[in-house]
Amino acid sequence: MSILSGKNILLGITGGIAAYKTASLVRLFIKAGAQVKVIMTPAAKEFITPLTLSTLSKNPVISSFTHDEDENAVWNNHVDLGLWADYMIVAPATANTLSKMATGNSDNFLLATYLSAKCPVYFAPAMDLDMYKHPTTKNTFKALQKFGNIMIPATSGELASGLVGEGRMAEPEDIVAFIEQDVIDKLLLHGKKVLITAGPTYEAIDPVRFIGNHSSGKMGFELAKAAANLGAQVFLVTGPTHQQAAHSLIEVIPVVSAQEMYEACHQVYDTVDVAILSAAVADYRPKNVADQKIKKKTASMQIELEPTKDILASLGAIKKDQFLVGFALETENEVENAKSKLSRKNLDAIVLNSLNDKGAGFGQPTNKVTIIDKELNTNAFELKSKAAVANDIFAEILKRIHA
Ligand code: CTP
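Residue positions are counted from 1 within each chain, in the order its sequence is given. Side-chain atom pairs in this predicted model are given and counted only at pLDDT of 80 or more, local residue features only at pLDDT of at least 70, and totals for whole chains, interfaces and linings cover all residues. By convention in this description, side-chain values take in all heavy atoms of the structure and omit both hydrogens and water.

Novice: Looking at this structure, how should I read the pattern of salt bridges?
Specialist: Should the charged atoms of two oppositely charged side chains come close, the side chains can pair. A side-chain nitrogen of Lys or Arg and a carboxyl oxygen of Asp or Glu constitute a salt bridge if their distance falls within 4 Å. Counted by the stated rule, this structure contains 19 salt bridges. Residue Asp 130 pairs with Lys 133 through a salt bridge whose shortest N-O separation is 3.9 Å. Note that Asp 130 and Lys 133 are positioned in helix H6 (residues 129-133) at a spacing of 3 residues, about one turn of the helix. Relative accessible area serves as the criterion here: at 48%, Asp 130 is assigned to the partly exposed category. Residues joined by salt bridges that share partners form a network here, namely Asp 373, Glu 396, Lys 399 and Arg 400. Starting at the N terminus, helices and strands are each numbered in turn, a helix being any DSSP run of H or I of at least four residues and a strand any DSSP run of E of at least two. Exposed residues in this analysis have more than 50% of their type's maximum accessible area, buried residues have under 20%, and partly exposed residues fall in between, with area computed by a 1.4 Å probe over protein chains only.

Novice: How should the pairing of strand E8 (residues 193-198) be read in this particular structure?
Specialist: Across the 6 residues of E8, 5 count as buried, placing the element largely inside the fold. Here, any two strands with at least 2 DSSP bridges between them count as paired. The sheet contact formed by E8 and strand E13 (residues 274-277) spans 4 bridges and is parallel. Residue pairing across strands places Thr 197 opposite Leu 277, the latter belonging to E13.

Novice: When you look at the nonpolar core in this model, what are you seeing that I'm missing?
Specialist: Within soluble globular proteins, side chains that are nonpolar generally end up buried alongside one another. Nonpolar cores are built from buried Ala, Val, Leu, Ile, Met, Phe, Trp, Tyr and Cys residues. Side-chain atoms within 4.5 Å join them into one set. In terms of nonpolar packing, the biggest core is built from 33 residues, with Leu 4, Phe 29, Val 38, Ile 89, Ile 175 and Ile 179 touching the most fellow members. Elements supplying a minimum of two residues to this core: strand E1 (8-13), helix H1 (22-31), strand E2 (35-40), strand E3 (87-93), strand E4 (121-125) and helix H8 (172-186). With 32 residues, the next largest nonpolar core counts Val 234, Val 274, Phe 327 and Phe 394 among its residues.

Novice: I would appreciate a short explanation of the site of the ligand in the present structure.
Specialist: Near, as used in this document, describes a residue that has one of its heavy atoms within 4 Å of the molecule or strand being considered. Taken together, 16 residues are adjacent to the ligand, and Leu 277, Ala 279, Phe 327, Lys 341 and Lys 345 come closest. One of the backbone N or O atoms of Leu 277 is found 2.6 Å from an oxygen atom in the ligand. Definition of a polar contact: a pair of N or O atoms within 3.5 Å, with one able to donate and the other able to accept a hydrogen when the atoms are protein atoms, and with sequence-neighbouring residues admitted only if both atoms are side-chain atoms. Here Lys 309 contributes a backbone N or O atom positioned 2.9 Å from a nitrogen atom of the ligand. Here the ligand has 570 Å² of accessible area as a free molecule, and 77% of this is covered by the chains. Because more than half of its atoms lie within 2 Å of the grid, the ligand is assigned to the largest pocket. Going through the elements one at a time, helix H11 (311-317) and strand E16 (323-330) are the ones with two or more residues in the shell around the ligand. The greatest single-element share of the shell around the ligand, amounting to 4 residues, is contributed by E16. Surface exposure here means Shrake-Rupley accessible area, sampled with a 1.4 Å probe, where a residue is shielded only by the protein chains that are shown. The distinction between a cavity and a pocket rests on a 1 Å grid over the protein atoms alone: a 1.4 Å probe fits inside a cavity but cannot get out, while a pocket stays open yet meets protein on both sides within 12 Å along at least five of seven lines, and a residue with an atom within 4 Å of a point counts as lining. What decides whether a molecule sits in a cavity or pocket is whether more than half of its atoms lie within 2 Å of the grid points.

Novice: Is there a simple way to explain empty space enclosed by the protein in this structure?
Specialist: Gaps between atoms show up when a probe of the same size as a water molecule is rolled over them. Grid points are joined across faces, edges and corners, and a volume is the space filled by probe spheres set on the points. Across all of its chains, the model carries 1 cavity of 30 Å³ or more by this definition. Space inside the largest cavity adds up to approximately 40 Å³. As for the largest cavity, its lining consists of Phe 323, Val 325, Ala 349, Val 351, Ile 371, Ile 393, Glu 396, Ile 397 and Arg 400. Sorting elements by how many residues they give to the lining of the largest cavity places helix H13 (residues 386-401) first, with 4 residues. Nonpolar residues are Ala, Val, Leu, Ile, Met, Phe, Trp, Tyr, Cys and Pro. Charged residues are Asp, Glu, Lys and Arg, and all others, Gly as well, are polar. When its residues are assigned to classes, the lining of the largest cavity shows 7 nonpolar, no polar and 2 charged.

Novice: Help me out: how do you make sense of the sheet that holds strand E19 (residues 369-373) in this one?
Specialist: Remark on secondary structure: sheet strands pair via backbone hydrogen bonds, oriented parallel or antiparallel. One open sheet accounts for 8 strands, arranged E12-E11-E8-E13-E16-E17-E19-E20; its pairing is mixed. Where the open sheet ends on each side, the last strands, each with one partner, are strand E12 (250-254) and strand E20 (378-380). In this sheet, neighbouring strand axes are inclined to one another by 15° on average, regardless of whether the strands run parallel or antiparallel. Between N-to-C directions, angles span 0 to 180 degrees; the directions come from axes that are lines fitted to C-alpha atoms, helices contributing only their stretch in contact.

Novice: Could you clarify how one ought to interpret the packing of helix H4 (residues 95-103) against helix H5 (residues 109-116) in this entry?
Specialist: Each pair of packed helices gets described by two things: the angle between the helix axes and the distance between those axes. Taken N-terminus to C-terminus, the directions of H4 and H5 make an angle of 40°; their axes are 10 Å apart at the nearest point. Overall, the two elements H4 and H5 adopt an arrangement that is oblique. Seen along the crossing, H4 lies across H5 with a hand that is right-handed. Taken together, the residues of H5 that come into contact with H4 (itself represented by Thr 97, Lys 100 and Met 101) are Leu 110, Leu 111 and Tyr 114. A breakdown of the residues in the contact of H4 with H5 according to their chemical character gives 4 nonpolar, 1 polar and 1 charged. When describing relative orientation, an angle under 35 degrees is termed roughly parallel and one over 145 degrees roughly antiparallel, while 65 to 115 degrees is termed roughly perpendicular and anything else oblique. With the far helix as reference, a near helix turned anticlockwise by less than a right angle produces a left-handed crossing, and one turned clockwise produces a right-handed crossing. Here, residues are in contact when the closest pair of their heavy atoms is within 4.5 Å.

Novice: Teacher, can you tell me more about helix H7 (residues 135-146) here?
Specialist: Because an α-helix completes one turn every 3.6 residues, residues spaced three or four positions apart along the sequence face the same direction. Under the convention used throughout, the expected extent of a helix is 1.5 Å for every residue step, that is, one less than its residue count. End to end, H7 covers 16 Å across 12 residues, agreeing with the expected 16 Å (1.5 Å per residue, within 8%). Those residues of H7 lying buried are Thr 137, Thr 140, Phe 141 and Leu 144. Angular distribution of buried residues about the axis of H7 spans 100°; they occupy a single face of the element. Facing away from the buried surface of H7 by more than 90 degrees, the exposed residues are Pro 135, Lys 142 and Lys 146. In this structure, the buried residues of H7 make contact with H4, H5, E4, H6 and strand E5 (150-151). Of the residues trailing H7, Gly 148 is marked for its positive phi of about 105°. This arc corresponds to the set of directions leading from the helix axis out to the C-beta atoms.

Novice: How should I be thinking about the domain arrangement of the chain in this particular structure?
Specialist: How big an interface is tends to be stated in terms of accessible area lost as the parts join. Domain delimitation follows an automatic or database domain assignment. Domain annotation of the chain identifies domain 1 (8-186) and domain 2 (193-285 + 305-401). Here the C-alpha centroids of domain 1 and domain 2 sit 44 Å apart.

Novice: Looking at this structure, I do not really get the packing of aromatic side chains. What am I missing?
Specialist: Both the distance between ring centres and the angle between the ring planes are used here to describe each pair of aromatic rings. Aromatic rings from Phe, Tyr and Trp, with only the six-membered ring used for Trp, were paired whenever their centres fell within 6.5 Å, and each pair was classed as stacked if the ring planes differed by under 30 degrees, edge-to-face if by over 60, and tilted otherwise. Under the defined criterion, the tally for this structure stands at 5 aromatic pairs. Taking 6.1 Å as the distance between ring centres and 35° as the angle between the ring planes, the aromatic pair formed by Phe 123 and Phe 141 counts as tilted. Taken together, the positions of Phe 123 in strand E4 and Phe 141 in helix H7 put the pair 18 residues apart, joining distant regions of the chain. There is no split in this pair, since Phe 123 and Phe 141 are both buried.

Novice: Is there a simple way to think about the layout of surface pockets in this case?
Specialist: The calculated volume of the largest pocket comes to roughly 760 Å³. What lines the largest pocket is a set of 33 residues, among which Ser 278, Ala 279, Ala 280, Val 281 and Phe 327 lie closest to the centre. Contributions of two or more residues to the lining of the largest pocket are made by helix H9 (218-229), H11 and E16. Of the residues that constitute the lining of the largest pocket, the class distribution is 13 nonpolar, 13 polar and 7 charged.

Here you go:
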């Protein structure tokens, strides 16, 4: 899956012959799963028709502040469009448009939108070789990059003038690959590995029965998704759940019992930078597991239980540079109990959810958490969706691992 999937891409096309290649560029963005809106300068329309681009992008193409043909002319809002975009790409970017972008000129819709955009802006220059080489053009590139814009360099080859040299717009495939790589490189957990545990564990009584709990695994799966969206390689060790993790950066490691979860976590722990243990691990398991289904014989029966290994504590005991986060589900003396778990298990932070909070905990789509770090800084959050809670947890972790 492309990192651009689900993203809003604003493509600004200016008046150069390479504009004809933007039909392919729009198709590639759409194929990557992005939403695309196109803005054209008036000159760009000389090189490719808005109809081609609106058909491919499945959105109207905008090239002026008003819908010209409409007698009840509607104002096209460059501010809204600038805010809509996750990424803006100006391709082909002519020397004229680039110099206007560098000096804050906003005499057309594309330039006004550029000035309003808060997202990363990429530009792919396209011009003749002498224009490309000119000191003023070089200064323009420098100024634009100094403002934070990202240049997708032109390549060398035969130019529309018949001359051969630098100035050809990068090919559409290379533009998309450049942006994808740049986005990945800038993700805050790019190159990091994260271990997450999720779901319940099932402790066998006999071949057909087990002791388990009602954990849905949702919180752990949301944490895995949040980590992958930040660019991390995720090991998601999960007990039996109905949750699905569809992300190329998430490796799901299914387990059933606490012992299997313990082994799977220890297998990868050495390699990870962050570990978050959100699973509801059984604290006890049957001491003896029957080989055959236990038959009903007496009016009552007893199952002797023995403790499982505490995975979180075992990881805390061998912690090196990992940032280790535990969960605590409490019903009384919540903060006090969570703080005691934090130090007992040698954690960097603990996420407390109280069963006394409505909407928090097992089986709910929402959660209400308090995050406590090892300096005992305490941050209490509102009731939110578990996806939003996962983002809050990573925001807190990022503050600490990048500090
Ligand atoms: N945990 C674990 N292995 C276990 C039990 C718990 O890794 N065998 C982890 C959970 O994933 C969670 C944290 O420990 O991150 C706290 O779990 P919790 O059940 O609240 O705490 P316990 O240490 O089991 O303490 P108690 O049951 O007494 O509250």
